[in-house]
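# Analysis of the macromolecular model
Chain by chain, the residues run as shown.
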Amino acid sequence: MTRAEVRSSRPAHRGAVRGLLATALVALMAALLAAPPSVAPARAADADRLAVAIDALSPATLSKGDTLTISGRVTNPSSQAWSRLRVHLVMPAVPLGDAAALDEALANPSAEVTGTRFTTGGAVVAAGDLAPGDTTTFQLQVPFSQLRVTTEGVYPVGVHVLATGPDGNRSPDAVGRGYTSIPFVGKKPSKTAQVSIVWPFIAPVQRDDRNRYADTTGLVQSVSPGGRLRRLLDLARSDESSPSTVLLDPALLDALRDIAADSYGPNRQGGPGGTATFVPEGEPTPAPADPDEADPDEAPTEPSDARARVATFLTDLVAYAKTHPVWAVPYGRPDAFAITRRSAGEAGATVVEAAKTATEATLAQFGLSARTVLWPPNGITNAGRLAGSRQLGTEIAVLSPEVLPEWTPADGTGLRAEVRGAPMDVVVVDPGLQADSSATSPALALRQRIASRAALGLTGGGARRIVVLPSATFDPGNEWARAQFHDVFDAPWVRPVTADAVLAKARRWTGRIALPPRANQRPITAEQVEAAARIVDGGRVVSELLGDDEGRDIFYAQSASLAASQEWRAARTRGVQHAEAQADAVERILDRVSVSASSFVTLSGSSGRFPITITNSLSTPVTVGVRFTADDSSSRIADIEPQQISARQSVTITVSADVGQATTTTFTAALVTVSGSELSEPARFTVRSSVVGRVIWLFLGLTLLLVVFAVVRRVITGRKVETLHDEEEENDDVNDEARAREAVESGEAGA
């Protein structure tokens, strides 16, 4: 093709392109004109620039004729300003039909499920400009007739924020989003959804080696105005008539009482045991104000003193618990698997009994009785471990859906399972009933999830009986009062009941209860369990030493249960160190009472007397005796019967020893209580008998006698030899003389 041909063809191409563009524009205009004028596609940016929080939504459940009102806040966390903010209602025209679809929609909101963006009327409101770090509020009000809601079910509902960016551009993508859900049940159904709320009052509690609490500051802050547990209690008490269930850790009650009284250790004031009961300081405070009239920014009116704030909370919590069903985890949440498995042996059995004693005594002191609940870490366990937990008195197990492979939300969150041949109630911690939305206040998010699940139970997409147990760390948030939580029970098709009522009619669970694949659920170590048992054993001896005291025994049972807490699974090495430090602290008390004697004692014979000294370095009198044992069965020292030793005093007692035929004997002297329990390490000393000296002297005497005898004999023998020699000499002389005479006579004869 020549250049001329190319040039001549360009106008034709341009004409064709213009024709196509015109056709596309006409089609686009036709589509826009055909769409409802009040909505727009609900596109959203990949990452929100502005933070949206929905604080209030009314009503909790939709009915014909209602006006949907959504209120909340928009915050600019960036370092740049945004202008011309507009907040739009977002809601689909088609509801979600089951719990799985609802959970997915709230976890991963997309335009396909969140619906269209409303652009007219009260469904959109201007929110002005937002400087860096600033917050503004909004409120949308949309009549039911404008919502296009016709089908029963659960609708995701939320807001999108559009704004002009720092560069002056205004994108159709939302720069801030927030979602929740709302159910619509048109006609009053013939049946109702039964809903029960279990409020968990649980917090980490640990004692240090000085018997104080490891995080006293955190506990005080949590129960003070604005703290997590204080908000949770205020939320529960905002409708005292609601048949909610209270789930307690007795260790929390115990710690708060000690902090309020500023009294710690085995001899603390007002501890459990005997006839001591909890005496509240004053009357319970009035229930929180009507949520409609509450001002979340109002300054707290509670006492400013930390101990007074703790006492006020404790009084309010105990008063609320006394008017509602109570469940309780074992004191301090001991690691049930670690202390009940067969390999734990006697140490495990000791800690199990300690946990039961601590739980029962603490609840009794506050005038409470409770069903025992096992809540393993993350709800992960299996049937065998559940069966073992019955040693702790477990009646109810709180489980994760992960250990129930065949479970679905349609099965309900309250079940009756068969665990190794015996029934056990089960509460499933359903993630779909947890307030995990960052864009909605926790109390409101929980309320709407409950309302939505209840509606699905009536429309065939879920269970009609629901037990709702928020996480152990649930915080209703600062805006809990605006959430009007208990409005969820205003719907005529929602009936509040106790958790026990739901479990009494719960579906029977016949599926497996098994650990999920790759479950990292290692219990605390055997060394930690053994150290916890040492606390009990040592504490029992201390009590015998100082005089029987039920309160002291309970204190050490509590310490052992805390030392074996499942909270230490996340820090196993530190857990062992902590338990051993607690046990060592008890044994140091015993070490302050001692017995002593000379390292070597010499007796003048096979028996004799010598002194033994008992020293009490404690600030209280003790009753103690001494038990003697010897390494030779023929040796003995009479035991010293238990007697009282005054505080910071020493007593010297003379004892009699009989070593029999032994020459050297090693004795041990062990301090013992009235019941015969030994205290610390016994003293060791050696007794030598003087029989050894007498033998030596006898031997020396005999030796001397032998020497004398030998000398005398030698002398006598010497004398006899000398006499014989003289006689021989005399005989020789006589013989010589005779021979001489014979010679003379012979000579004369020859002559």
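Residues numbered from 1 in each chain as written. Predicted model: local features only at pLDDT ≥ 70, side-chain atom pairs only at ≥ 80, totals over all residues. Heavy atoms only, no water.

Within the chain one finds 16 helices and 28 strands. Split into buried and exposed, the 751 residues of the chain put 47% on the buried side. Restricting the contact set of the chain to residue pairs at least 6 apart, pairs at least 24 apart contribute 79%. Total accessible area computed for the chain in this model is approximately 35,900 Å², and 51% of it derives from carbon and sulfur atoms. (Helix = DSSP H or I, 4+ residues; strand = E, 2+ residues; numbered from the N terminus. Buried < 20%, exposed > 50% of the residue type's maximum accessible area, 1.4 Å probe, protein only. Contact = heavy atoms within 4.5 Å. Areas by Shrake-Rupley, 256 points an atom, 1.4 Å probe, with all protein chains shown as cover.)

On to the nonpolar core. Nonpolar side chains in soluble globular proteins tend to be buried together. With 102 residues, the main nonpolar core has Leu-89, Met-91, Trp-199 and Phe-201 as its most contacted residues. Val-626, Phe-628, Ile-640 and Leu-679 belong to the second-largest nonpolar core, a separate cluster that totals 74 residues. (Core = buried A, V, L, I, M, F, W, Y, C linked by side-chain atoms within 4.5 Å.)

Within a regular beta strand, the side chains point alternately toward one face of the sheet and then the other, so they alternate between its two faces. In terms of burial, strand E16 (residues 422-428) is a largely internal element, five of the seven residues being buried. Here strand E14 (residues 396-399) runs beside E16; their pairing, made up of four bridges, is parallel. Bridged to Ala-397 within E16 is Val-426. The hairpin formed by strand E15 (residues 414-419) and E16 contains two residues between the paired strands, and Arg-420 there has a positive phi angle of roughly 50°. (Pairing = 2+ DSSP bridges.)

As for its position among the elements, His-578 is in helix H15 (residues 572-591). A residue is classified by how much of its surface remains accessible, and His-578, at 14% relative accessible area, is buried. If we ignore the near neighbours within four places in the chain, the residues touching His-578 are Gln-206, Arg-207, Ala-563 and Trp-568.

On to helix H6 (residues 250-261). With twelve residues, H6 should cover 16 Å at 1.5 Å per step; its first-to-last C-alpha distance of 17 Å lies within 8% of that length. With eleven of twelve residues buried, H6 is to be regarded as a mostly interior element. Those residues of H6 lying buried are Pro-250, Ala-251, Leu-252, Leu-253, Asp-254, Ala-255, Leu-256, Arg-257, Asp-258, Ile-259 and Ala-260. Between the side-chain oxygen of the N-cap and the backbone nitrogen of Ala-251 there are 3.0 Å, and the N-cap of H6 in question is Asp-249. Backbone geometry just after H6 places Asp-262 at a positive phi near 55°. (Expected span 1.5 Å × (residues − 1). Polar contact = N/O pair within 3.5 Å; in protein donor to acceptor, adjacent residues only side chain to side chain.)

Spatially, the five strands line up as an open sheet ordered E21-E28-E27-E23-E25, and their pairing is mixed. Sheet topology places strand E21 (600-603) and strand E25 (640-645) at the edges, where each strand pairs with a single neighbour. Looking at each pair of strands side by side, their axes are set apart by 30° on average, direction ignored. When strand E23 (residues 622-630) meets strand E27 (residues 664-672), the two strands line up antiparallel, connected through six bridges. Counted as the bridge partner of Val-626 is Leu-671 from E27. (Axes fitted to C-alpha atoms, helices over the stretch in contact; angles between N-to-C directions.)

What follows is about unusual backbone geometry. Negative phi values dominate among residues other than glycine, just as trans dominates among peptide bonds. Along the chain, Ser-58 connects to Pro-59 via a cis peptide bond; the corresponding omega equals -5°. Along the chain, the position of Pro-59 falls in the loop between strand E2 (51-58) and strand E3 (67-75). Despite not being glycine, Arg-84 shows a phi value in the positive range, around 55°. Tracing the backbone through its elements, the reader meets Arg-84 in strand E4 (residues 82-91). Its identity is not glycine, yet Asn-211 carries a phi of approximately 70°, on the positive side. Tracing the backbone through its elements, the reader meets Asn-211 in the loop between strand E10 (193-201) and helix H4 (216-223).

This brings us to the pattern of salt bridges. Under the defined criterion, the tally for this structure stands at 32 salt bridges. Between Arg-268 and Asp-258 there is a salt bridge; the shortest N-O distance is 2.9 Å. Placement of Arg-268 in the loop between H6 and helix H7 (306-321) and of Asp-258 in helix H6 is noted, with a sequence separation of ten residues between them. You'll find Arg-268 and Asp-258 in the same group, each marked buried. Arg-482 is the partner of Glu-479 in a salt bridge, and the nearest nitrogen-oxygen pair spans 3.7 Å. Classification of Glu-479 as buried rests on a relative accessible area of 13%. (Salt bridge = Lys/Arg side-chain N within 4 Å of Asp/Glu carboxyl O.)

Glancing now at the packing of helix H13 (residues 526-546) against H15. Packing of H13 against H15 brings their axes to within 8 Å, and their N-to-C directions diverge by 15°. Looking at the two axes, H13 sits roughly parallel to H15. Here the hand of the crossing between H13 and H15 comes out left-handed. For the pair formed by H13 and H15, the contact residues are Glu-527, Gln-528, Ala-531, Ala-532, Arg-534, Ile-535, Gly-538, Gly-539, Val-541, Val-542 and Leu-545 on the first element and Arg-572, Gly-575, Val-576, Ala-579, Glu-580, Gln-582, Ala-583, Asp-584, Val-586, Glu-587, Ile-589 and Leu-590 on the second. Residue composition of the contact of H13 with H15, grouped by class: twelve nonpolar, five polar and six charged. (Parallel < 35°, antiparallel > 145°, perpendicular 65-115°, else oblique. Left-handed = near helix turned anticlockwise from the far one by under 90°. Nonpolar A, V, L, I, M, F, W, Y, C, P; charged D, E, K, R; others polar.)

Attention now moves to the side chain of Asp-335. Here Asp-335 shows up in the loop between strand E12 (326-328) and helix H8 (336-340). For Asp-335, a relative accessible area of 0% puts it in the buried group. Of the polar contacts made by the side chain of Asp-335, one reaches the side chain of Arg-569; its length is 2.7 Å.

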